[in-house]
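Spelled out from the first residue to the last, the chains are:
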Amino acid sequence: MPRILKIVVTGPFSAGKSLFVKTISDIPVVSTERKISLREKGMKPQTTVAMDYGRVQLGDDVLHLNGTPGQARFDFMWEILGREMHGLVMVVDATVKESFDDARTMLDDMLSPRPVPFVVAANKQDRDDALHPDKVRKALALDRHALVMPCVASRKTSVKMVLSQLAEMIQ
Ligand SMILES: Nc1nc2c(ncn2[C@@H]2O[C@H](COP(=O)(O)OP(=O)(O)OP(=O)(O)O)[C@@H](O)[C@H]2O)c(=O)[nH]1
Ligand SMILES: [Mg+2]
């Protein structure tokens with residue numbers, strides 16, 4: 001049966017959420033990126049302030065991808081974007097351990113009103129300093145049944161793998 005699934009792509013600041021949605025979307029992504037104010041040296045130029053929207057067909061399923069902002073000052077959007085979702089992707093930057101506490105808090109906040117299937121994407125696995133997905137699972141204190149997958153958000157095959165697994169978990 002063809003399904004239309006609402007998938008939320010969330011995670012801490014700069015984890016790779018926008019790139020994840022852009023890489024896989026069949027349509028040009030609707031994004032709300034704005035210049036970062038008070039940018040520190042080496043920091044990326046833009047951040048998501050409201051949402052990313054993309055769409056992809058995977059087999060029979062059409063996935064509507066709703067990317068959230070990562071910064072807590074835009075957290076009013078998390079509740080709006082989380083409404084009626086079927087599944088959640090938690091993107092974490094596996095090279096930034098300091099972001100794992102934020103990721104765990106976001107995961108609990110998003111799932112407690114509506115427990116849906118989720119996958120953690122241990123992103124930036126193309127970098128030497130990326131933690132192995134099992135280490136990410138441990139750091140996030142997730143139980144052993146939680147699915148934590150390696151991810152490189154710039155690679156379509158990698159993003160597709162994460163989303164296909166999630167779609168399979170959705171009844
Ligand atoms: N090497 C590497 N860089 C990545 C990967 N995914 C994202 N990036 C880079 O990480 C930075 C952040 O990516 P974004 O897609 O803007 O992250 P975001 O989670 O949407 O960030 P916010 O919306 O600001 O919270 C960008 O410079 C990306 O190019 C990856 O898998 N590997
Ligand atoms: Mg973004």
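Above this note sits the structure.
Residues numbered from 1 in each chain as written. Chains lettered and ligands numbered in written order. Predicted model: local features only at pLDDT ≥ 70, side-chain atom pairs only at ≥ 80, totals over all residues. Heavy atoms only, no water.

With respect to the pattern of salt bridges
Where we set the bar: For this document, the term salt bridge refers to a Lys or Arg side-chain nitrogen within 4 Å of an Asp or Glu carboxyl oxygen. A run of DSSP states H or I qualifies as a helix once it reaches four residues; a run of E qualifies as a strand once it reaches two. Both are numbered from the N-terminal end. Any residue under 20% of the maximum accessible area for its type is buried, any over 50% is exposed, and the rest in between are partly exposed; the area is computed with a 1.4 Å probe on protein chains only.
Here the structure, examined in full by the defined rule, presents 8 salt bridges. Among the salt bridges present, the one from Glu79 reaches Arg114, with a minimum N-O distance of 3.0 Å. Taken together, the residues span a long stretch of sequence, with Glu79 in helix H2 (residues 76–82) and Arg114 in the loop between helix H3 (100–111) and strand E6 (118–123) at a distance of 35 residues. You can call Glu79 partly exposed: its relative accessible area is 39%. We note a salt bridge from Asp129 to Arg127, for which the minimum N-O separation is 3.0 Å. We classify Asp129 as partly exposed; its relative accessible area is 43%. Residue Arg127 is classed as partly exposed on the basis of its relative accessible area of 40%. What emerges from the salt-bridge pattern is a single network uniting Glu79, Arg83 and Arg114.

Let's talk about the site of ligand 1
For clarity, the cut-off: For this purpose, a residue is taken to be near a molecule or strand whenever a single non-hydrogen atom of the residue falls within 4 Å of it. The definition of a polar contact used here is a pair of N or O atoms within 3.5 Å, where within protein one atom must be able to donate a hydrogen and the other to accept one, and adjacent residues in sequence count solely through side-chain atom pairs. Methods summary: accessible areas were calculated by the Shrake-Rupley approach with a probe of 1.4 Å, and residue burial reflects only the protein chains presented. The way it works is a 1 Å grid over only the protein atoms, where trapped points that fit a 1.4 Å probe form a cavity and open points with protein on both sides within 12 Å along at least five of seven lines form a pocket, and then any residue with an atom within 4 Å of a point lines it. Here the criterion for a molecule occupying a pocket or cavity is that more than half of its atoms lie within 2 Å of the pocket grid points. When residue character is reported, Ala, Val, Leu, Ile, Met, Phe, Trp, Tyr, Cys and Pro are called nonpolar, Asp, Glu, Lys and Arg charged, and the others, Gly included, polar.
As a structural note, the neighbourhood of ligand 1 is formed by 18 residues, with Lys17, Ser18, Lys44, Thr47 and Asp126 the closest of them. Between ligand 1 and the protein, one listed contact pairs an oxygen atom with a side-chain N or O atom of Lys17 at 2.6 Å. Measuring from an oxygen atom of ligand 1, one finds a backbone N or O atom of Ala153 at 3.0 Å. Contact with the protein chains covers 80% of the free accessible surface of ligand 1, which is 650 Å². Under a 2 Å grid-point criterion requiring more than half of the atoms, the pocket assigned to ligand 1 is the largest pocket. Of all the secondary structure elements, the ones that give two or more residues to the shell around ligand 1 are helix H1 (17–24) and strand E3 (46–58). Of all the elements, H1 adds the most residues to the shell around ligand 1, at 3 residues. Split into classes, the residues belonging to the shell around ligand 1 amount to 6 nonpolar, 7 polar and 5 charged.

Section: the coordination of the magnesium ion (ligand 2)
So the rule is basically this: Only nitrogen, oxygen and sulfur atoms within 2.8 Å of the metal, or 3.2 Å for Na, K and Ca, are treated as donors, and water is left out, so sites may look incomplete.
The magnesium ion (ligand 2) binds to the protein through Ser18 (OG) and Thr48 (OG1), with metal-donor distances spanning 2.0 to 2.1 Å. Here Thr48 lies in strand E3 and Ser18 lies in helix H1, a separation of 30 residues in the sequence.

Examining the layout of surface pockets
Here is the rule: Grid points are joined across faces, edges and corners, and a volume is the space filled by probe spheres set on the points.
By volume, the largest pocket is sized at about 290 Å³. Mapped onto the lining of the largest pocket, the elements with two or more residues apiece are H1 and E3. Among the elements that take part in the lining of the largest pocket, H1 stands out by supplying 4 residues, more than any other. Grouping the constituent residues of the lining of the largest pocket by class yields 5 nonpolar, 8 polar and 7 charged.

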